[in-house]
Structure formats: structure tokens, C-alpha cells
Amino acid sequence: MGLQIREGDTAPRTAGSSVAALLREDHERLERWFRSIVADADSGDQDSLRKSWRAFETELGGHLDTEEVHIFPPFAKDHPTEARALLGEHLEIRSKLLALGIELDLHCLRAERIQSFVDELRTHARREDQLLYRWTEDRLGDAQAQKVREALVAAEEAARTMPVQDEWHIDANRSSLDFSLRHIVVHQITGRFTRWGGTLWMDGADWTRSKVTIWVDLSSIDTGDHERDEQVRSPEFFNVKQFPKARFVSRQVRMSGSQTALVHGRLRLRGVAHDVDLQVVAIDDSAPGDRSGEHRIFEVTGSINRQEFGLHWNQDLDRGGIVVGDQIALHGRVELKRMKR
């Protein structure tokens, strides 16, 4: 059973609509989600709020991705200054969307915070309508326009047909997230993040339909060396003042055994997004001492290339990877707690 569309929502769109019309319809649908989310936050209905937010987040993410991948590149050839400005607004929207999602996970998302975000999105939508959507009507090629139509329709369908799944939250007090990378002087740099979390929506009947989101507070890095940690937080590396959080959102789950899976998703770090694969192994059906089945433990491993995310340890020394390796190995022991319906 998919997520129920509230009264006033439109019927599913078809890929034959014009690009400008689809983009404007997206903003209208997002506006309806806005009203639902604000109403749920005001009423204190956390279950409805999480469901509305999840659908809203899915559709908004698809909308932003579609514009950035299929429309911004050709638009930038005609209007480079305007394209950079709109892309900057997208980065700001994603950053605030992440922050609000974290507040929702922590059960401290307030209606006034949502309303402020909504007002900013409305301003952005008006600017895109004036600059971007009118341009698509005259200048976007037929082949590219068809890709935009298909991507927008797919994003809406994903939000409409989102299955009802068990919701599990990462128990940060019982979980750990570590990393390591090669260093020519000290052999290896190891560290951990002390503030992070996320949510798993698990389909017990079909694990491949599950979805996970993970956020990491980059300022919480701890390598055991205060001076090095400050350097990593600086604009030279993470630049936490401008990009305080990293976020991973799964796109596909493939089972490789009864208790193992490959989770493919998108990691957004330092304003850059790249695909990342994570190996996930279920350690046990439940956490030690838990006889209720309300806890589960997974081991997660993966790696990223820091250069792809603009993480340059030192511009001069980084040439050729002389001092610090490019591959950052990730390891997590994740304990999840089932949320009550």
C-alpha cells in the first residue's frame, strides 16, 4: 500500500506534458506537501509528520536533481551568472533540508522552522519560474526535454507509491562510525564521528524495497589529534562552516545473501554529490539482551575517493597523492531501534 495522497492533490502526470508545465506542477504539489507538513507539526502528529516529510523530501530531491542534471548545463551556456546563482540556492536548500530532516529524527522539528523554509522555497520557485522555466519553453532541445519529463514523472511516482514500511532509527549511543586513510608518515590516520544518525525504512517482505538515510555532523570528527581535527574542519578540507553536514541517501538495495546486501546511494559532502556503495551485513536478528525484536545490529563498510569531493589535504602535497592516500575507508557498527507506529 502506497502513501495516501491528501485531498486536493492532482492525478498522476504523464510524460507528454511540457517541461515548463511539469516544473510548475512540481512546485504546486510541493506547496500542498508544505501545508500538510505544517499542519502535522502544529498538531503534534509525529507519525503523519514523518510520512509527509519523507514524501516531500523524495519529490523535492528528485526535482532538484532533475534541474541540476538536465536543465542547468544547457541553461548555463546562455546565462552563466544566473545558473550559478540558482545552483547556489539549490545548495542552500539541500543544506537546510538536511538540517530539518535531522531535527525531525531528533523529534525537535518545530512548525515555525518549517514555515521559514517554505517561505524561502516559494521565493526560489518564483525566481526559477521567471528565469529558468521560461527559458525551457524556447531553448531546451527535444531530447533533453524528454529526459526532464521522464525524470520528473518518476520522482512524483516514487513519492506517490512509497510503501508503508517499518521505521528504524540509528541509536547513536550504541553505534559507531569510524574511518581510516593511508598516510606516508604515520602509516595510517584513523578517526571517528561522534554525532551522526539516520533512519531505515525496512520492508520485511522485500529488503530490496528498503531505504536508508544517514547524516553526519562533520564538526564532530575525532582523530585523537586536536590540531589535526581543526585543520580537517577548516576550509582547506571539510569547510564545516559552509558545509556542516554530510548526507547519504540510498537509491537501490541488492541482496547478496540472506543477511548481506549492497546499498547503492548518493553521498553529498562539501557541496558535491557522488554515488557510493556500502556493504551491509546483519550481525544478528536482534541486539544482545533484546527479546522483543525492537533492535537490530548491522555492520557497514565502504570507501570514498576524497579527491572526488574536493577534499584536498594540501594542494601542493596532494599532487600525485604523495603524503595522504585518496581512498577513505569507512566502517560502521549500526544499532537500530524500531519506532512505534
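The shown structure was predicted, so the numbers you read here are calculated from the model rather than taken from an experiment.

Student: Help me out: how do you make sense of the pattern of salt bridges in this one?
Tutor: If charged atoms from side chains of opposite charge come close, those side chains can pair. Applying the stated criterion across every chain yields a total of 23 salt bridges. Arg122 is paired through a salt bridge with Glu31; the nearest N and O atoms lie 2.4 Å apart. Residue Arg122 is found in helix H4 (residues 111-139), and its partner Glu31 is found in helix H1 (residues 19-43); the two are separated by 91 residues along the sequence. The exposure class assigned to Glu31 is buried, which follows from its relative accessible area of 18%.

Student: What is the right way to read the pairing of strand S11 (residues 327-338) from this model?
Tutor: Residues in a regular strand project their side chains so that they alternate between the two faces of the sheet. Here strand S1 (residues 166-170) runs beside S11; their pairing, made up of 3 bridges, is antiparallel. Within S11, the position partnered with His169 by the bridge is Lys337. Taken together, the 11 bridges between strand S10 (residues 295-305) and S11 define a ladder with antiparallel strand orientation. Within S11, the position partnered with Ile297 by the bridge is Glu335.

Student: Just checking my understanding: could you explain the side chain of Glu167 for this structure?
Tutor: Along the chain, Glu167 falls in strand S1. A distance of 2.7 Å separates a polar atom in the side chain of Glu167 from a polar atom in the side chain of His169. Ignoring anything within four residues of it in the chain, the contact list for Glu167 reads Arg50, Thr199, Leu200, Trp201, Lys337, Arg338 and Met339.

Student: Looking at this model, I keep getting lost on the packing of helix H2 (residues 46-78) against helix H3 (residues 80-105). Mind explaining?
Tutor: Each packed pair of helices is defined by two parameters, the angle between the axes and the distance between the axes. Two elements in contact, H2 and H3, have axes separated by 10 Å at closest approach and are oriented at 165°. The pairing of H2 with H3 is recorded here as roughly antiparallel in orientation. H2 and H3 meet at a crossing whose hand is left-handed. Counted by class, the contact of H2 with H3 contains 16 nonpolar, 4 polar and 9 charged residues.

Student: Would you take a moment to explain the side chain of Thr199 for this structure?
Tutor: With respect to the element layout, Thr199 can be found in strand S4 (residues 196-202). What makes Thr199 buried here is its relative accessible area of 2%. Dropping the residues within four chain positions of it, Thr199 is found in contact with Asp105, Glu167, Trp168, His169, Lys211, Val212 and Thr213.

Student: For this particular structure, what's the right way to read the environment of His312?
Tutor: Mapped onto the fold, His312 is located in the loop between S10 and S11. On the basis of relative accessibility, which here comes to 22%, the residue His312 falls in the partly exposed class. Taking C-alpha positions, His312 is 9.9 Å from Pro235, a pair spaced 77 residues apart along the chain.

Student: Explain the packing of aromatic side chains to me, please; I cannot follow it from the model alone.
Tutor: The relation between two aromatic rings is expressed through the spacing of the ring centres and the mutual angle of the planes. By the definition in use, this model includes 5 aromatic pairs. When the centroid spacing of 6.3 Å and the interplanar angle of 40° are considered together, the rings of Phe193 and Phe238 count as tilted. Here Phe193, found in strand S3 (residues 187-193), pairs with Phe238, found in the loop between helix H6 (226-233) and strand S7 (245-255); they are 45 residues apart in sequence, far enough to count as distant. Both residues of the pair, Phe193 and Phe238, count as buried.

Student: How should H4 be read in this particular structure?
Tutor: An α-helical segment advances 3.6 residues per turn. Residues three or four places apart therefore align on the same side. In this model H4 runs 40 Å from its N-terminal to its C-terminal C-alpha over 29 residues, within 8% of the 42 Å that 1.5 Å per residue would give. Of all the bends found along H4, the most pronounced is centred on Asp129 and spans about 45°. Buried within H4 are the following residues: Ala111, Ile114, Phe117, Val118, Leu121, His124, Ala125, Glu128, Leu132, Tyr133, Trp135 and Thr136. Summarising the contacts, the buried residues of H4 are in contact with H1, H2 and H3.

Student: What exactly am I supposed to notice about the nonpolar core here?
Tutor: Nonpolar side chains in soluble globular proteins tend to be buried together. Core analysis: the biggest nonpolar cluster contains 39 residues, and Phe193, Val216, Leu218, Phe238, Phe248 and Leu269 have the highest contact counts within it. Contacts of Leu269, omitting those with residues within four sequence positions, involve Leu218, Phe238, Ala246, Ile304, Phe309 and Leu311. Of all hydrophobic cores here, the second largest spans 22 residues; its members include Leu60, Leu64, Leu100 and Leu104.

Reading the values: the criteria
- Residues numbered from 1 in each chain as written.
- Predicted model: local features only at pLDDT ≥ 70, side-chain atom pairs only at ≥ 80, totals over all residues.
- Heavy atoms only, no water.
- Salt bridge = Lys/Arg side-chain N within 4 Å of Asp/Glu carboxyl O.
- Helix = DSSP H or I, 4+ residues; strand = E, 2+ residues; numbered from the N terminus.
- Buried < 20%, exposed > 50% of the residue type's maximum accessible area, 1.4 Å probe, protein only.
- Pairing = 2+ DSSP bridges.
- Polar contact = N/O pair within 3.5 Å; in protein donor to acceptor, adjacent residues only side chain to side chain.
- Contact = heavy atoms within 4.5 Å.
- Axes fitted to C-alpha atoms, helices over the stretch in contact; angles between N-to-C directions.
- Parallel < 35°, antiparallel > 145°, perpendicular 65-115°, else oblique.
- Left-handed = near helix turned anticlockwise from the far one by under 90°.
- Nonpolar A, V, L, I, M, F, W, Y, C, P; charged D, E, K, R; others polar.
- Phe/Tyr/Trp six-rings, centres within 6.5 Å; stacked < 30°, edge-to-face > 60°.
- Expected span 1.5 Å × (residues − 1).
- Bend = angle between axes of the 7 residues up to and from the residue.
- Core = buried A, V, L, I, M, F, W, Y, C linked by side-chain atoms within 4.5 Å.

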